[in-house]
Amino acid sequence: MRTLLNIIWLIFGGLWLALAYVLFGLVACVFIITIPAGIASFRMASYAFWPFGRTVVADPMAGSMSALSNIIWFLVAGLWLAIGHVTTALAQAVTIVGIPLAIANLKMIPVTCVPFGKRIVPAGSMPEGYTQLDAVRL
């Protein structure tokens, strides 16, 4: 079922969302100081490309630098990517088949806005010491 949902997701919006994350990642990698934001954007691109069957967990080792990076990320890219998720969700919610995809799109917004201090892992495996963020499990 996850594979079927991922294929439908890919066709009806996932590819474009993943490309948007890759674009922001490439822009972030232009400047040396923003390379960590580029790497986070590439991680999110893989999650936006094939999200079902994976979950986002909070990193217990994340510190104050993650909080500062999240603020900068939100202002530069997170807000715009969240707007992309909302518009894609609105377009997907037009059909009955697209409603689960729209809900999944909206569940990705919190990690889109603040990606630092979080890891994307397979849904069945939870690394030691990590806590699950139920709001973003797909």
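These remarks concern the structure in this document.

What counts, and at which threshold
Residues numbered from 1 in each chain as written. Predicted model: local features only at pLDDT ≥ 70, side-chain atom pairs only at ≥ 80, totals over all residues. Heavy atoms only, no water. Buried < 20%, exposed > 50% of the residue type's maximum accessible area, 1.4 Å probe, protein only. Helix = DSSP H or I, 4+ residues; strand = E, 2+ residues; numbered from the N terminus. Arc of directions from axis to C-beta. Contact = heavy atoms within 4.5 Å. Patch = residues over 30% accessible without salt bridge, like charges linked within 9 Å, V, L, I, M, F, W, Y side chains within 5 Å. Areas by Shrake-Rupley, 256 points an atom, 1.4 Å probe, with all protein chains shown as cover. Salt bridge = Lys/Arg side-chain N within 4 Å of Asp/Glu carboxyl O. Axes fitted to C-alpha atoms, helices over the stretch in contact; angles between N-to-C directions. Parallel < 35°, antiparallel > 145°, perpendicular 65-115°, else oblique. Left-handed = near helix turned anticlockwise from the far one by under 90°. Nonpolar A, V, L, I, M, F, W, Y, C, P; charged D, E, K, R; others polar. Expected span 1.5 Å × (residues − 1). Bend = angle between axes of the 7 residues up to and from the residue. Core = buried A, V, L, I, M, F, W, Y, C linked by side-chain atoms within 4.5 Å. Phe/Tyr/Trp six-rings, centres within 6.5 Å; stacked < 30°, edge-to-face > 60°.

Section: helix 4 (residues 99-107)
Part 1: Every buried residue belonging to helix 4 is among Leu101, Ala102, Ala104 and Asn105, and all of these are buried. When helix 4 is viewed along its axis, its buried side chains cluster within an angular range of 160 degrees and face the same direction.
Part 2: Where the residues of helix 4 are buried, they touch helix 1 (2-30), helix 3 (64-92) and helix 5 (109-113).

Here we look at a nonpolar patch on the surface
Part 1: Where nonpolar side chains cluster on the molecular surface, the patch consists of Met65, Leu68, Ile71, Ile72, Phe74, Leu75, Val76, Leu79, Trp80 and Ile83 and spans about 1000 Å² of accessible area.
Part 2: Positionally, Leu79 belongs in helix 3.
Part 3: The exposure class of Leu79 is partly exposed, given its relative accessible area of 34%.

Let's talk about the packing of helix 3 against helix 4
Part 1: Where helix 3 contacts helix 4, the axes come no closer than 8 Å and their chain directions differ by 165 degrees. The angle between helix 3 and helix 4 places the two elements in the roughly antiparallel class. The way helix 3 lies across helix 4 gives a crossing that is left-handed. Taken together, the residues of helix 4 that come into contact with helix 3 (itself represented by His85, Val86, Thr88, Ala89 and Gln92) are Ile99, Leu101, Ala102, Asn105 and Leu106.
Part 2: Tallied by class, the residues present in the contact of helix 3 with helix 4 amount to six nonpolar, four polar and no charged.

Side note on the environment of Met65
Part 1: Within the element layout of this structure, Met65 appears in helix 3.
Part 2: Taking relative accessible area as the criterion, Met65 reaches 56% and is therefore assigned exposed.
Part 3: Residues Met65 and Phe116, 51 residues apart in the sequence, show an inter-C-alpha distance of 8.8 Å.

Looking at helix 3
Part 1: With 29 residues, helix 3 should reach 42 Å at 1.5 Å per residue; the first-to-last C-alpha distance of 37 Å falls well below that figure.
Part 2: Along helix 3, the largest kink reaches about 60 degrees and is centred on Phe74.
Part 3: Restricting attention to buried positions, one finds in helix 3 the residues Ser66, Ser69, Asn70, Trp73, Ala77, Gly78, Leu81, Ala82, His85, Thr88, Ala89 and Gln92.

Details of the nonpolar core
Part 1: The biggest cluster of nonpolar side chains holds 20 residues, and the ones touching the most others in it are Trp9, Tyr21, Tyr47 and Trp73.
Part 2: For this core, the leading source of residues is helix 2 (residues 35-49), giving six residues.
Part 3: Contacts of Tyr21, omitting those with residues within four sequence positions, involve Ser41, Met44, Ala45, Ala48, Leu81, His85 and Thr112.

Structural notes on the packing of aromatic side chains
The description of two aromatic rings rests on the distance between their centres and on the angle between their planes.
Part 1: Going through the model one piece at a time under the given rule, you end up with two aromatic pairs.
Part 2: Geometrically, the ring pair formed by Trp9 and Phe52 is edge-to-face, given 6.0 Å between the ring centres and 85 degrees between the ring planes. With Trp9 in helix 1 and Phe52 in the loop between helix 2 and strand 1 (54-58), the pair connects residues that are 43 residues apart, well separated along the chain. Note on accessibility: Trp9 and Phe52 belong to one class, buried.
Part 3: Taken together, a centroid distance of 6.5 Å and an interplanar angle of 85 degrees make the contact between Trp73 and Phe116 edge-to-face. Taken as a pair, Trp73 in helix 3 and Phe116 in the loop between helix 5 and strand 2 (118-122) lie far apart in primary sequence, 43 residues in all. Side by side, Trp73 and Phe116 carry an identical accessibility label, which is buried.

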